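A look at the structure
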Amino acid sequence: MPLKHSSPDTISSSSDSVRLLSRETLRISASLASPPDDLLPQALPDSSHFLRSTLRLICCEEIDGRRWKYVAESDGSGKFKRNSVVRAVSLESPRTPFDEVGSFLRSYVVPEGFPESVNESYVPYMTFRALKHFFGGAMGVFTTQTLLNSVGASRNSSASAAVAINWILKDGAGRVGKMLFARQGKKFDYDLKQLRFAGDLLMELGAAVELGTAAVPHLFLPLACAANVVKNVAAVTSTSTRTPIYKAFAKGENIGDVTAKGECVGNIADLMGTGFSILISKRNPSLVTTFGLLSCGYLLSSYQEVRSVVLHTLNRARFTVAVESFIKTGRVPSLQQGNIQEKIFTFPWVEDRPVMLGARFKDAFQDPSTYLAVKPFFDKERYMVTYSPTKGKVYALLKDQASSDDILKAAFHAHVLLHFMNQSKGGASKSVEQLDPPAFAPMEYELESRIAESCEMVSTSYGIFKSSAAEQGWRMSESLLNPGRARLCHMNDEEE
(Lines give C-alpha, C1' and ligand atoms only; values in the text may rest on other atoms or scores of the structure.)
Protein backbone atom coordinates (compact mmCIF):
# COMPACT_ATOMS: atom_id res chain seq x y z
CA MET A 1 0.00 0.00 0.00
CA PRO A 2 1.54 3.25 -1.00
CA LEU A 3 2.39 5.76 1.74
CA LYS A 4 0.60 9.07 1.91
CA HIS A 5 3.05 11.97 1.64
CA SER A 6 2.43 15.26 3.51
CA SER A 7 2.73 18.52 1.70
CA PRO A 8 5.64 20.91 2.54
CA ASP A 9 3.23 23.45 4.03
CA THR A 10 1.88 20.87 6.41
CA ILE A 11 5.36 19.90 7.57
CA SER A 12 6.37 23.53 8.15
CA SER A 13 3.23 24.21 10.17
CA SER A 14 3.81 21.15 12.31
CA SER A 15 7.42 22.16 13.05
CA ASP A 16 6.38 25.65 14.15
CA SER A 17 3.82 24.16 16.50
CA VAL A 18 6.40 21.87 18.04
CA ARG A 19 8.85 24.74 18.63
CA LEU A 20 6.13 26.93 20.13
CA LEU A 21 5.03 24.12 22.43
CA SER A 22 8.64 23.55 23.54
CA ARG A 23 9.19 27.24 24.35
CA GLU A 24 5.98 27.44 26.38
CA THR A 25 6.87 24.30 28.28
CA LEU A 26 10.30 25.66 29.20
CA ARG A 27 8.83 29.03 30.23
CA ILE A 28 6.24 27.41 32.51
CA SER A 29 8.90 25.14 34.04
CA ALA A 30 11.16 28.09 34.70
CA SER A 31 8.32 30.06 36.30
CA LEU A 32 7.44 27.14 38.59
CA ALA A 33 11.07 26.69 39.62
CA SER A 34 11.76 30.42 40.23
CA PRO A 35 11.43 31.79 43.80
CA PRO A 36 9.14 34.71 44.57
CA ASP A 37 10.40 38.20 43.76
CA ASP A 38 11.01 39.09 47.43
CA LEU A 39 13.38 36.13 47.74
CA LEU A 40 15.50 37.07 44.74
CA PRO A 41 19.06 38.19 45.63
CA GLN A 42 19.88 41.86 45.19
CA ALA A 43 21.62 42.72 41.98
CA LEU A 44 25.36 42.74 42.30
CA PRO A 45 27.03 46.05 41.64
CA ASP A 46 28.96 46.54 38.50
CA SER A 47 32.38 44.90 38.75
CA SER A 48 33.93 48.09 37.43
CA HIS A 49 33.01 49.69 40.78
CA PHE A 50 35.49 47.42 42.52
CA LEU A 51 38.15 48.13 39.95
CA ARG A 52 37.80 51.86 40.51
CA SER A 53 37.85 51.37 44.33
CA THR A 54 41.58 51.22 45.24
CA LEU A 55 43.81 51.92 48.22
CA ARG A 56 45.60 55.24 48.00
CA LEU A 57 48.76 56.15 49.91
CA ILE A 58 48.45 58.80 52.64
CA CYS A 59 51.92 58.96 54.16
CA CYS A 60 54.84 56.90 55.45
CA GLU A 61 56.10 56.61 59.02
CA GLU A 62 59.36 55.36 60.49
CA ILE A 63 60.08 54.21 64.05
CA ASP A 64 63.55 52.96 64.99
CA GLY A 65 64.34 52.00 61.41
CA ARG A 66 61.05 50.18 60.80
CA ARG A 67 58.63 51.66 58.29
CA TRP A 68 54.88 51.72 57.90
CA LYS A 69 52.73 53.22 55.18
CA TYR A 70 49.18 54.42 55.79
CA VAL A 71 46.55 53.90 53.10
CA ALA A 72 42.82 54.48 52.74
CA GLU A 73 40.19 53.59 50.16
CA SER A 74 39.68 56.04 47.30
CA ASP A 75 36.97 56.41 44.66
CA GLY A 76 37.31 56.47 40.89
CA SER A 77 38.39 60.11 40.82
CA GLY A 78 41.39 59.47 43.09
CA LYS A 79 39.88 61.17 46.13
CA PHE A 80 39.51 59.46 49.47
CA LYS A 81 36.09 58.08 50.25
CA ARG A 82 34.11 59.75 52.99
CA ASN A 83 34.67 58.10 56.40
CA SER A 84 37.22 55.71 54.90
CA VAL A 85 39.30 53.82 57.46
CA VAL A 86 43.03 54.48 57.70
CA ARG A 87 45.05 51.27 57.48
CA ALA A 88 48.66 50.72 58.51
CA VAL A 89 50.77 48.44 56.34
CA SER A 90 54.22 47.36 57.52
CA LEU A 91 57.00 47.66 54.94
CA GLU A 92 59.31 45.38 56.88
CA SER A 93 59.36 41.61 57.06
CA PRO A 94 58.13 40.20 60.39
CA ARG A 95 60.79 39.92 63.06
CA THR A 96 62.01 36.49 64.02
CA PRO A 97 61.62 35.37 67.66
CA PHE A 98 65.39 35.70 68.01
CA ASP A 99 65.22 39.36 66.92
CA GLU A 100 62.35 40.02 69.34
CA VAL A 101 64.29 38.53 72.25
CA GLY A 102 67.38 40.52 71.27
CA SER A 103 65.41 43.76 71.11
CA PHE A 104 63.85 43.00 74.50
CA LEU A 105 67.24 42.42 76.12
CA ARG A 106 68.78 45.50 74.54
CA SER A 107 66.03 47.65 76.04
CA TYR A 108 67.31 46.61 79.49
CA VAL A 109 71.08 46.49 79.18
CA VAL A 110 72.06 49.28 76.75
CA PRO A 111 71.05 52.96 76.61
CA GLU A 112 68.66 54.25 73.98
CA GLY A 113 70.43 55.06 70.72
CA PHE A 114 73.29 52.64 71.43
CA PRO A 115 76.05 52.67 70.21
CA GLU A 116 75.80 56.28 68.94
CA SER A 117 74.62 57.58 72.34
CA VAL A 118 77.79 56.48 74.22
CA ASN A 119 81.53 56.55 73.56
CA GLU A 120 83.70 53.56 72.76
CA SER A 121 84.77 52.90 76.37
CA TYR A 122 81.22 52.00 77.44
CA VAL A 123 81.34 48.37 76.22
CA PRO A 124 84.59 47.29 77.94
CA TYR A 125 83.59 49.10 81.12
CA MET A 126 80.22 47.35 81.29
CA THR A 127 81.79 43.98 80.40
CA PHE A 128 84.17 44.06 83.34
CA ARG A 129 81.46 45.53 85.55
CA ALA A 130 79.23 42.56 84.77
CA LEU A 131 82.09 40.15 85.60
CA LYS A 132 82.72 41.97 88.87
CA HIS A 133 79.09 41.67 89.92
CA PHE A 134 79.03 37.99 88.88
CA PHE A 135 81.85 37.12 91.25
CA GLY A 136 80.40 39.40 93.93
CA GLY A 137 77.00 37.69 93.73
CA ALA A 138 78.57 34.26 94.00
CA MET A 139 80.66 35.34 96.98
CA GLY A 140 77.58 36.80 98.69
CA VAL A 141 76.07 33.34 99.16
CA PHE A 142 79.00 32.19 101.30
CA THR A 143 79.30 35.43 103.26
CA THR A 144 75.59 35.38 104.12
CA GLN A 145 75.77 31.80 105.33
CA THR A 146 78.86 32.64 107.40
CA LEU A 147 77.12 35.59 109.05
CA LEU A 148 74.16 33.39 109.98
CA ASN A 149 76.51 30.82 111.49
CA SER A 150 78.15 33.59 113.51
CA VAL A 151 74.90 34.47 115.24
CA GLY A 152 74.25 30.93 116.48
CA ALA A 153 73.18 28.77 113.59
CA SER A 154 74.98 25.43 113.49
CA ARG A 155 77.49 25.00 110.69
CA ASN A 156 76.21 21.50 109.93
CA SER A 157 72.55 22.28 110.31
CA SER A 158 70.30 22.24 107.21
CA ALA A 159 68.35 25.09 108.80
CA SER A 160 71.35 27.34 108.34
CA ALA A 161 71.43 26.67 104.61
CA ALA A 162 67.66 27.11 104.32
CA VAL A 163 67.74 30.47 106.08
CA ALA A 164 70.64 31.59 103.93
CA ILE A 165 68.83 30.58 100.75
CA ASN A 166 65.68 32.40 101.83
CA TRP A 167 67.68 35.52 102.55
CA ILE A 168 69.46 35.29 99.21
CA LEU A 169 66.14 34.79 97.39
CA LYS A 170 64.86 37.95 99.06
CA ASP A 171 67.88 39.92 97.82
CA GLY A 172 67.65 38.29 94.39
CA ALA A 173 64.04 39.37 94.00
CA GLY A 174 65.10 42.91 94.81
CA ARG A 175 67.75 42.82 92.10
CA VAL A 176 65.19 41.60 89.56
CA GLY A 177 62.92 44.53 90.44
CA LYS A 178 65.85 46.91 90.08
CA MET A 179 66.63 45.51 86.64
CA LEU A 180 63.04 45.74 85.40
CA PHE A 181 62.62 49.35 86.47
CA ALA A 182 65.89 50.31 84.81
CA ARG A 183 64.04 50.05 81.48
CA GLN A 184 62.59 53.50 82.17
CA GLY A 185 65.81 54.71 80.55
CA LYS A 186 65.74 58.36 79.54
CA LYS A 187 62.84 59.15 81.84
CA PHE A 188 65.48 59.47 84.57
CA ASP A 189 66.88 62.40 82.59
CA TYR A 190 63.59 63.93 81.42
CA ASP A 191 61.43 63.73 84.55
CA LEU A 192 63.92 63.21 87.34
CA LYS A 193 61.96 65.18 89.96
CA GLN A 194 58.81 63.16 89.36
CA LEU A 195 60.70 59.87 89.41
CA ARG A 196 62.70 60.84 92.49
CA PHE A 197 59.54 61.53 94.48
CA ALA A 198 57.86 58.39 93.12
CA GLY A 199 60.89 56.41 94.28
CA ASP A 200 60.52 57.78 97.80
CA LEU A 201 56.85 56.80 97.80
CA LEU A 202 57.89 53.27 96.81
CA MET A 203 60.50 53.23 99.58
CA GLU A 204 57.83 53.90 102.20
CA LEU A 205 55.59 51.28 100.64
CA GLY A 206 58.38 48.73 100.90
CA ALA A 207 58.94 49.65 104.54
CA ALA A 208 55.23 49.18 105.26
CA VAL A 209 55.32 45.71 103.69
CA GLU A 210 58.33 44.80 105.83
CA LEU A 211 56.42 45.83 108.95
CA GLY A 212 53.55 43.65 107.78
CA THR A 213 55.71 40.52 108.18
CA ALA A 214 55.28 40.87 111.96
CA ALA A 215 51.53 40.25 111.60
CA VAL A 216 51.93 37.22 109.31
CA PRO A 217 55.33 35.63 110.05
CA HIS A 218 54.45 32.51 108.03
CA LEU A 219 54.46 34.72 104.91
CA PHE A 220 57.87 36.19 105.65
CA LEU A 221 59.57 35.10 102.43
CA PRO A 222 56.98 36.34 99.89
CA LEU A 223 56.42 39.59 101.80
CA ALA A 224 60.15 40.18 102.25
CA CYS A 225 60.72 39.51 98.54
CA ALA A 226 57.95 41.93 97.57
CA ALA A 227 59.29 44.60 99.93
CA ASN A 228 62.80 44.16 98.59
CA VAL A 229 61.61 44.49 94.99
CA VAL A 230 59.85 47.75 95.79
CA LYS A 231 62.76 49.15 97.78
CA ASN A 232 65.28 48.26 95.08
CA VAL A 233 63.13 50.01 92.49
CA ALA A 234 63.25 53.04 94.75
CA ALA A 235 67.02 52.66 95.00
CA VAL A 236 67.29 52.74 91.18
CA THR A 237 65.43 56.04 91.01
CA SER A 238 67.58 57.53 93.76
CA THR A 239 70.83 56.44 92.13
CA SER A 240 69.81 57.43 88.59
CA THR A 241 68.58 60.91 89.52
CA ARG A 242 71.33 61.76 91.99
CA THR A 243 73.98 62.86 89.48
CA PRO A 244 71.72 65.23 87.43
CA ILE A 245 70.59 66.88 90.65
CA TYR A 246 74.14 67.36 91.93
CA LYS A 247 75.13 68.59 88.47
CA ALA A 248 72.56 71.38 88.82
CA PHE A 249 74.35 72.56 91.98
CA ALA A 250 77.90 72.50 90.63
CA LYS A 251 79.18 75.65 88.93
CA GLY A 252 82.49 74.24 87.74
CA GLU A 253 84.30 70.93 87.44
CA ASN A 254 83.42 70.04 91.03
CA ILE A 255 80.60 67.53 90.53
CA GLY A 256 82.56 64.81 92.36
CA ASP A 257 83.14 67.06 95.36
CA VAL A 258 79.50 68.17 95.45
CA THR A 259 78.36 64.53 95.22
CA ALA A 260 80.69 63.34 97.98
CA LYS A 261 79.62 66.11 100.36
CA GLY A 262 75.96 65.53 99.58
CA GLU A 263 76.26 61.83 100.37
CA CYS A 264 78.12 62.66 103.58
CA VAL A 265 75.29 64.92 104.72
CA GLY A 266 72.82 62.12 103.97
CA ASN A 267 74.84 59.56 105.94
CA ILE A 268 75.20 61.88 108.96
CA ALA A 269 71.46 62.53 108.99
CA ASP A 270 70.81 58.80 108.63
CA LEU A 271 72.98 58.00 111.62
CA MET A 272 71.25 60.68 113.68
CA GLY A 273 67.86 59.25 112.71
CA THR A 274 69.03 55.78 113.74
CA GLY A 275 70.10 57.06 117.15
CA PHE A 276 66.79 58.90 117.57
CA SER A 277 64.82 55.73 116.76
CA ILE A 278 66.84 53.73 119.29
CA LEU A 279 66.00 56.25 122.01
CA ILE A 280 62.28 56.32 121.35
CA SER A 281 62.06 52.54 120.83
CA LYS A 282 63.01 52.01 124.52
CA ARG A 283 59.65 53.52 125.49
CA ASN A 284 57.77 50.91 123.40
CA PRO A 285 55.66 53.36 121.37
CA SER A 286 52.87 52.21 119.09
CA LEU A 287 54.47 50.73 115.98
CA VAL A 288 51.73 51.88 113.61
CA THR A 289 51.60 55.43 115.02
CA THR A 290 55.37 55.82 114.99
CA PHE A 291 55.65 54.51 111.46
CA GLY A 292 52.86 56.80 110.28
CA LEU A 293 54.45 59.92 111.78
CA LEU A 294 57.92 59.08 110.49
CA SER A 295 56.55 58.30 106.98
CA CYS A 296 54.73 61.62 106.85
CA GLY A 297 57.92 63.44 107.80
CA TYR A 298 59.90 61.43 105.23
CA LEU A 299 57.50 62.12 102.34
CA LEU A 300 57.05 65.79 103.22
CA SER A 301 60.82 66.25 103.31
CA SER A 302 61.16 64.37 100.01
CA TYR A 303 58.60 66.61 98.33
CA GLN A 304 60.28 69.78 99.51
CA GLU A 305 63.68 68.33 98.57
CA VAL A 306 62.84 67.79 94.89
CA ARG A 307 60.80 70.98 94.74
CA SER A 308 63.78 73.05 95.89
CA VAL A 309 66.00 71.84 93.03
CA VAL A 310 66.37 74.49 90.30
CA LEU A 311 67.03 72.85 86.93
CA HIS A 312 67.91 74.90 83.87
CA THR A 313 66.49 72.55 81.25
CA LEU A 314 62.91 72.39 80.00
CA ASN A 315 61.22 69.05 80.44
CA ARG A 316 57.54 68.59 79.65
CA ALA A 317 56.27 69.88 82.99
CA ARG A 318 58.48 72.99 83.07
CA PHE A 319 57.88 73.65 79.38
CA THR A 320 54.13 73.65 80.01
CA VAL A 321 54.59 76.17 82.81
CA ALA A 322 56.74 78.40 80.60
CA VAL A 323 54.36 78.35 77.60
CA GLU A 324 51.26 78.91 79.76
CA SER A 325 52.87 81.91 81.41
CA PHE A 326 54.03 83.29 78.06
CA ILE A 327 50.57 82.96 76.46
CA LYS A 328 48.80 84.60 79.40
CA THR A 329 51.28 87.31 80.37
CA GLY A 330 53.71 87.60 77.46
CA ARG A 331 56.61 86.73 79.80
CA VAL A 332 58.59 83.56 80.45
CA PRO A 333 58.93 82.69 84.17
CA SER A 334 62.32 82.77 85.83
CA LEU A 335 64.21 79.59 86.69
CA GLN A 336 63.00 79.69 90.29
CA GLN A 337 59.38 80.36 89.34
CA GLY A 338 59.32 77.71 86.64
CA ASN A 339 60.76 75.04 88.93
CA ILE A 340 58.48 75.92 91.83
CA GLN A 341 55.38 75.73 89.61
CA GLU A 342 56.43 72.39 88.11
CA LYS A 343 54.02 69.59 89.02
CA ILE A 344 55.77 66.84 90.97
CA PHE A 345 52.84 64.41 91.11
CA THR A 346 52.67 63.95 87.30
CA PHE A 347 54.34 60.58 86.93
CA PRO A 348 56.21 59.95 83.64
CA TRP A 349 54.57 56.59 82.89
CA VAL A 350 51.09 58.17 82.86
CA GLU A 351 50.25 58.89 79.20
CA ASP A 352 47.01 60.78 79.85
CA ARG A 353 48.42 64.14 78.78
CA PRO A 354 46.68 66.83 76.71
CA VAL A 355 49.72 67.22 74.41
CA MET A 356 51.37 64.23 72.74
CA LEU A 357 54.74 65.09 71.18
CA GLY A 358 56.14 62.81 68.49
CA ALA A 359 52.89 60.85 68.23
CA ARG A 360 52.14 58.14 65.70
CA PHE A 361 49.99 58.93 62.68
CA LYS A 362 47.35 56.35 63.59
CA ASP A 363 46.84 57.99 66.98
CA ALA A 364 46.52 61.51 65.58
CA PHE A 365 44.33 60.87 62.53
CA GLN A 366 41.35 58.57 62.22
CA ASP A 367 40.40 59.57 58.66
CA PRO A 368 42.44 60.88 55.70
CA SER A 369 40.28 63.97 55.14
CA THR A 370 41.47 65.58 58.39
CA TYR A 371 45.09 64.92 57.47
CA LEU A 372 44.64 66.44 54.00
CA ALA A 373 42.94 69.49 55.53
CA VAL A 374 45.74 70.07 58.06
CA LYS A 375 48.75 69.16 55.91
CA PRO A 376 48.95 72.40 53.82
CA PHE A 377 49.50 74.49 56.97
CA PHE A 378 52.77 72.66 57.67
CA ASP A 379 54.31 72.08 54.24
CA LYS A 380 57.23 74.35 55.15
CA GLU A 381 57.67 72.93 58.66
CA ARG A 382 59.28 69.74 59.89
CA TYR A 383 56.31 68.95 62.05
CA MET A 384 52.53 69.21 62.07
CA VAL A 385 49.95 69.53 64.85
CA THR A 386 46.33 68.52 64.99
CA TYR A 387 43.54 68.01 67.51
CA SER A 388 41.52 64.85 68.01
CA PRO A 389 38.00 65.70 69.27
CA THR A 390 37.30 62.07 70.16
CA LYS A 391 40.37 61.82 72.41
CA GLY A 392 40.54 65.44 73.54
CA LYS A 393 44.28 65.72 72.84
CA VAL A 394 46.59 67.76 70.65
CA TYR A 395 49.05 65.67 68.66
CA ALA A 396 52.38 66.96 67.36
CA LEU A 397 53.79 64.74 64.61
CA LEU A 398 57.46 65.11 63.73
CA LYS A 399 58.85 64.77 60.24
CA ASP A 400 62.16 63.16 59.39
CA GLN A 401 65.21 65.38 59.85
CA ALA A 402 63.39 67.29 62.63
CA SER A 403 66.04 69.09 64.69
CA SER A 404 66.01 69.95 68.38
CA ASP A 405 64.63 73.39 67.54
CA ASP A 406 61.91 71.83 65.37
CA ILE A 407 60.85 69.63 68.27
CA LEU A 408 60.77 72.62 70.58
CA LYS A 409 58.73 74.61 68.07
CA ALA A 410 56.31 71.70 67.59
CA ALA A 411 55.76 71.49 71.34
CA PHE A 412 55.22 75.25 71.55
CA HIS A 413 52.74 75.13 68.64
CA ALA A 414 50.86 72.21 70.24
CA HIS A 415 50.34 74.16 73.47
CA VAL A 416 49.24 77.25 71.54
CA LEU A 417 46.69 75.19 69.59
CA LEU A 418 45.41 73.64 72.82
CA HIS A 419 45.03 77.13 74.29
CA PHE A 420 42.95 78.22 71.29
CA MET A 421 40.78 75.12 71.53
CA ASN A 422 40.19 75.77 75.21
CA GLN A 423 39.49 79.43 74.59
CA SER A 424 36.99 78.72 71.79
CA LYS A 425 34.65 77.02 74.26
CA GLY A 426 34.90 79.58 77.03
CA GLY A 427 37.52 77.73 79.04
CA ALA A 428 40.31 80.24 78.77
CA SER A 429 40.53 80.52 82.54
CA LYS A 430 41.40 76.85 82.85
CA SER A 431 44.92 75.53 82.67
CA VAL A 432 45.78 73.47 79.61
CA GLU A 433 46.81 70.68 81.94
CA GLN A 434 43.32 70.71 83.49
CA LEU A 435 41.43 70.73 80.21
CA ASP A 436 38.35 68.55 80.19
CA PRO A 437 38.58 66.53 76.92
CA PRO A 438 34.83 65.87 76.44
CA ALA A 439 34.04 69.57 76.94
CA PHE A 440 34.29 70.39 73.24
CA ALA A 441 34.37 68.64 69.89
CA PRO A 442 35.02 71.16 67.12
CA MET A 443 33.91 70.50 63.59
CA GLU A 444 36.52 70.11 60.87
CA TYR A 445 36.16 73.68 59.60
CA GLU A 446 36.61 75.02 63.13
CA LEU A 447 39.74 72.91 63.56
CA GLU A 448 41.20 74.41 60.38
CA SER A 449 40.37 77.90 61.60
CA ARG A 450 42.04 77.31 64.96
CA ILE A 451 45.12 75.80 63.35
CA ALA A 452 45.37 78.83 61.06
CA GLU A 453 45.21 81.15 64.09
CA SER A 454 47.81 79.10 65.95
CA CYS A 455 50.14 79.16 62.91
CA GLU A 456 49.90 82.94 62.78
CA MET A 457 50.66 83.29 66.48
CA VAL A 458 53.57 80.84 66.37
CA SER A 459 55.12 82.63 63.39
CA THR A 460 55.19 85.91 65.29
CA SER A 461 55.79 84.82 68.88
CA TYR A 462 57.99 81.71 68.82
CA GLY A 463 61.17 83.74 68.31
CA ILE A 464 60.17 86.06 71.14
CA PHE A 465 59.52 83.07 73.38
CA LYS A 466 62.96 81.63 72.64
CA SER A 467 64.80 84.88 73.33
CA SER A 468 62.81 85.52 76.52
CA ALA A 469 63.53 82.01 77.76
CA ALA A 470 67.24 82.42 77.04
CA GLU A 471 67.27 85.69 78.98
CA GLN A 472 65.77 83.93 81.98
CA GLY A 473 68.52 81.28 81.88
CA TRP A 474 66.61 78.37 80.35
CA ARG A 475 68.72 76.09 78.19
CA MET A 476 66.61 75.83 75.09
CA SER A 477 69.08 73.71 73.13
CA GLU A 478 68.88 70.98 75.74
CA SER A 479 65.13 70.79 76.03
CA LEU A 480 64.27 67.39 77.44
CA LEU A 481 60.73 67.08 76.13
CA ASN A 482 60.88 63.29 75.67
CA PRO A 483 59.32 63.17 72.18
CA GLY A 484 58.06 59.94 70.69
CA ARG A 485 60.27 58.13 68.18
CA ALA A 486 57.78 58.15 65.27
CA ARG A 487 58.75 60.29 62.27
CA LEU A 488 56.83 61.03 59.08
CA CYS A 489 59.08 60.25 56.12
CA HIS A 490 59.12 60.23 52.32
CA MET A 491 58.31 57.16 50.27
CA ASN A 492 60.71 55.61 47.80
CA ASP A 493 59.35 54.74 44.36
CA GLU A 494 59.68 51.03 44.94
CA GLU A 495 57.85 51.28 48.28
CA GLU A 496 54.88 53.07 46.73
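The preceding data block contains the structure.
Residues numbered from 1 in each chain as written. Predicted model: local features only at pLDDT ≥ 70, side-chain atom pairs only at ≥ 80, totals over all residues. Heavy atoms only, no water.

Moving on to helix α7 (residues 192-212). Along its 21 residues, α7 runs 30 Å from first to last C-alpha, staying within 8% of the 30 Å computed at 1.5 Å per residue. Taken together, the buried positions of α7 are L192, K193, Q194, L195, R196, F197, A198, G199, D200, E204, G206 and A207. (Helix = DSSP H or I, 4+ residues; strand = E, 2+ residues; numbered from the N terminus. Expected span 1.5 Å × (residues − 1). Buried < 20%, exposed > 50% of the residue type's maximum accessible area, 1.4 Å probe, protein only.)

Looking now at the pattern of salt bridges. Taken as a whole and assessed by the stated rule, the structure comprises 14 salt bridges. Residues D257 and K261 are paired through a salt bridge, measuring 2.6 Å at the closest nitrogen-oxygen approach. Of this pair, D257 and K261 both sit in helix α9 (residues 255-281), four residues apart, which is roughly one turn of the helix. Given the relative accessible area of 41%, D257 is considered partly exposed. A salt bridge links E342 to R318, with the nearest nitrogen and oxygen atoms 3.0 Å apart. In this pair, E342 sits in the loop between α12 (335-341) and β5 (355-357) while R318 sits in helix α11 (residues 316-329), placing the two residues 24 residues apart along the sequence. (Salt bridge = Lys/Arg side-chain N within 4 Å of Asp/Glu carboxyl O.)

Remark: α7 packs on helix α10 (residues 287-307), axes separated minimally by 9 Å, with the N-to-C direction vectors making an angle of 170 degrees. Judged by the inter-axis angle, α7 sits roughly antiparallel to α10. Residues K193, R196, F197, D200, L201, M203, E204, A207, A208 and L211 of α7 form the contact with α10, whose participating residues are L287, F291, S295, Y298, L299, S302, Y303, E305, V306 and R307. Residues of the contact of α7 with α10, tallied by class, amount to twelve nonpolar, two polar and six charged. (Axes fitted to C-alpha atoms, helices over the stretch in contact; angles between N-to-C directions. Parallel < 35°, antiparallel > 145°, perpendicular 65-115°, else oblique. Contact = heavy atoms within 4.5 Å. Nonpolar A, V, L, I, M, F, W, Y, C, P; charged D, E, K, R; others polar.)

The next subject is the pairing of strand β2 (residues 66-74). The two faces of a sheet get side chains in turn, since along a regular strand they alternate between them. Within β2, eight of the nine residues are buried, which leaves the element mostly enclosed by the surrounding structure. By the bridge criterion, nine bridges tie strand β1 (residues 54-63) to β2 in an arrangement that is antiparallel. For T54, the partnering residue across the bridge sits in β2 and is S74. With antiparallel pairing between neighbouring strands as the criterion, β1 and β2 make up a hairpin whose turn holds two residues, including D64 at a positive phi of roughly 55 degrees. Relative to strand β3 (residues 87-90), β2 runs antiparallel, the two being bridged by four bridges. Residue pairing in the sheet places Y70 in a bridge with A88 of β3. (Pairing = 2+ DSSP bridges.)

Let us look at the state of the cysteines. Across all of its chains, the model carries zero disulfides by this definition. Considering cysteine sulfurs only, C489 is the nearest to C60, which forms no disulfide, with 3.3 Å between them. Here C60 falls in the buried class, since its relative accessible area comes to 1%. (Disulfide = S-S within 2.5 Å.)

Along the chain, M384 turns up in strand β6 (residues 383-388). Residue classification places M384 among the buried positions, given a relative accessible area of 2%. Aside from chain neighbours lying at most four places away, what touches M384 is F365, Y371, V374, K375, F378, Y395, A396, L397 and L488.

Let's shift gears to a nonpolar patch on the surface. The grouping of F128, L131, F134 and F135 at the surface amounts to a nonpolar patch, some 480 Å² of accessible area in total. Checked against the element boundaries, L131 lands in helix α4 (residues 122-150). (Patch = residues over 30% accessible without salt bridge, like charges linked within 9 Å, V, L, I, M, F, W, Y side chains within 5 Å. Areas by Shrake-Rupley, 256 points an atom, 1.4 Å probe, with all protein chains shown as cover.)

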